[in-house]
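Survey of secondary and tertiary structure
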Amino acid sequence: MSKKDKIIYLKSEEELEIIRENGQILGKAHAEVAKLIEPGVTTKALDKVAFEYIQDNAAQPSFLNYNGFPASLCISVNDVVVHGIPSNRVLKDGDIVSIDCGVYKKGFHADSAYTYTIGEVQNEVLDLLKHTYRSLFKGIEQARVGNRVGDVSFAVQNYAESHHYGVVRELVGHGVGKYLHESPEVPNFGKRGNGPKLLEGMVIAIEPMITLGRRGVVQENDNWTIRTEDRKQAAHYEHTVVVRKGKAEILTTFQFIEEVLAKKNLVIA
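Numbering of residues starts from 1 in each chain and follows the order in which that chain's sequence is written. Side-chain atom pairs in this predicted model are given and counted only at pLDDT of 80 or more, local residue features only at pLDDT of at least 70, and totals for whole chains, interfaces and linings cover all residues. With hydrogens and water set aside, each side-chain value is computed from the structure's full complement of heavy atoms.

1. Regarding the sheet that holds strand S12 (residues 226-228)
- When DSSP finds two or more bridges between two strands, those strands count as paired. Think of it this way: any DSSP run of H or I at least four residues long counts as a helix, any run of E at least two long counts as a strand, and we number them from the N terminus. Spatial ordering of the open sheet is given by S3-S12-S11, a layout of three strands whose pairing is antiparallel. Lying at the two open borders of the sheet, with one neighbouring strand each, are strand S3 (80-82) and strand S11 (217-219). This sheet shows a mean twist of 40 degrees between the axes of neighbouring strands, independent of strand direction.
- Both S3 and S12 contribute to a ladder of two bridges, which runs antiparallel. Note on definitions: angles span 0 to 180 degrees between N-to-C directions of axes, and those axes are lines fitted to C-alpha atoms, for helices only across the stretch in contact.

2. Topic: the pattern of salt bridges
- Whenever Lys or Arg places a side-chain nitrogen within 4 Å of a carboxyl oxygen from Asp or Glu, that contact is recorded as a salt bridge. Within this structure, the stated rule accounts for 14 salt bridges.
- Salt-bridge contacts for Lys 106 lead to Glu 21; the nearest nitrogen and oxygen are separated by 3.7 Å. Taken together, the residues Lys 106 in the loop between strand S4 (96-105) and strand S5 (108-117) and Glu 21 in helix H1 (residues 13-36) connect sequence positions 85 residues apart.
- Relative accessible area decides the class of each residue, using a 1.4 Å probe on protein chains only: under 20% of the type maximum gives buried, over 50% gives exposed, and in between gives partly exposed. For Lys 106, a relative accessible area of 55% corresponds to the exposed category.
- The exposure class assigned to Glu 21 is partly exposed, which follows from its relative accessible area of 34%.
- With its nearest N and O atoms 3.3 Å apart, the salt bridge here joins Asp 95 to Lys 92.

3. Here we look at unusual backbone geometry
- Backbone torsion omega between Ser 183 and Pro 184 reads 5 degrees, so that peptide bond is classified as cis.
- Residue placement: Pro 184 occurs in strand S8 (residues 182-186).
- In the Ramachandran plot, Asn 65 falls in the positive-phi region, its phi being about 70 degrees despite a non-glycine side chain.
- With respect to the helices, strands and loops of the structure, Asn 65 is situated in the loop between strand S1 (60-61) and strand S2 (73-77).

4. Considerations on the packing of aromatic side chains
- Ring geometry is summarised as follows: Phe, Tyr and Trp rings, the Trp one being its six-membered ring, pair when their centres sit within 6.5 Å, and such pairs are stacked at plane angles under 30 degrees, edge-to-face over 60 and tilted between the two. For the structure on display, the rule yields nine aromatic pairs.
- Consider the rings of Tyr 114 and Tyr 116, whose centres lie 5.1 Å apart with planes at 45 degrees: the pair is tilted. Like Tyr 114, the residue Tyr 116 is buried in the burial classification.
- On the numbers, 5.9 Å between centres and 35 degrees between planes, the contact of Tyr 133 with Phe 254 is tilted. Placement of the pair is Tyr 133 in helix H3 (residues 123-141) and Phe 254 in the loop between strand S15 (249-250) and helix H5 (255-263), with a sequence separation of 121 residues. Note on accessibility: Tyr 133 and Phe 254 belong to one class, buried.

5. Some words on a nonpolar patch on the surface
- Taken together, the side chains of Ile 8, Leu 10 and Leu 199 make up a nonpolar region of the molecular surface, amounting to roughly 240 Å² of accessible area.
- You can see Leu 199 is positioned in the loop between S8 and strand S9 (203-206).
- On the accessibility criterion, Leu 199 (40% relative accessible area) is partly exposed. To count toward a patch, a residue needs a relative accessible area over 30% and no salt bridge; like charges are then connected within 9 Å, while nonpolar side chains (Val, Leu, Ile, Met, Phe, Trp, Tyr) are connected within 5 Å. Reported accessibility uses the Shrake-Rupley method at a 1.4 Å probe radius. Residues are deemed covered only where the shown protein chains occlude them.

6. A closer look at the sheet that holds strand S7 (residues 173-175)
- Spatial strand order, S8-S7-S9-S14-S15: five strands in an open sheet with antiparallel pairing. Bordering the open sheet on either side are S8 and S15, each of which pairs with just one other strand.
- Across two bridges, the pairing between strand S14 (residues 239-242) and S15 is antiparallel. Its bridge partner lying in S15, Val 242 is registered against Glu 249.
- Packed onto the sheet, helix H4 (residues 149-162) meets S8 and S9 and runs at close to 40 degrees relative to S8. Residues are treated as being in contact if the distance between any of their heavy atoms lies within 4.5 Å.

7. Some words on the side chain of Thr 43
- Within the element layout of this structure, Thr 43 appears in helix H2 (residues 43-56).
- When neighbours within four sequence positions are excluded, Thr 43 is seen to be in contact with Ile 75, Val 77, Pro 86, Ser 87, Arg 89 and Leu 91.

8. Structural notes on the side chain of His 30
- Mapped onto the elements of the fold, His 30 is located in helix H1.
- Judged by relative accessible area, His 30 falls into the buried class, the value being 2%.
- Beyond its immediate sequence surroundings of up to four residues, His 30 is in contact with Ile 99, Cys 101, Ser 112, Ala 113, Tyr 114, Tyr 116 and Ile 257.

Written out as structure tokens, the structure is:
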């Protein structure tokens, strides 16, 4: 999914409030999906639930028809890193599934992703999810005025690689606002002190895509689905955040997802 252009747009407080409100709708849409995630459900059924919830809240799914993408959710199972297309595939015990979703309302987007477990998952895969989740927040800690994009990128990479995971290079985070993908790019790898300066009001999606094995990926013939080259599992978490002085503000939310997971006694990364 490509960026609109190379201009970095700073958001006003009024615009940030819209994105924050959209983040609440998005978090609740994720939670509606989370309620249904279990062995036997199809990924297409999950997509339908998200589509209906978003439309019921007078919003639009950001991904639907974006550059021809045919669904509201990117649903990526096991070795699929991102951009999996919902289908009649049935989730089964031991799977992991990344749900990536965007909401568009009042002229602005919000974007977030969460990786779920299905039934009993191997311990090494659970560890991958936990560390990918934590790497997201390591990156967010660096999204403050005075730093550069490379500080965010390095924080994610350093944490993930210190636990011996692969960090995907070909896919990156991005600016978010009036367009789903804006500048700057936010890689999950990089050097401290490099890249564009982080300014008050910059809104970025930070989204670690971390692999259990090697970091190489391949694209399937559908021109969307991105898999790990070695077919080992991958995890993906994402928040939309605004750069602030001292500490970034997270504009999306995992609260509603994790309330659902707690009720189902599922692992929370």
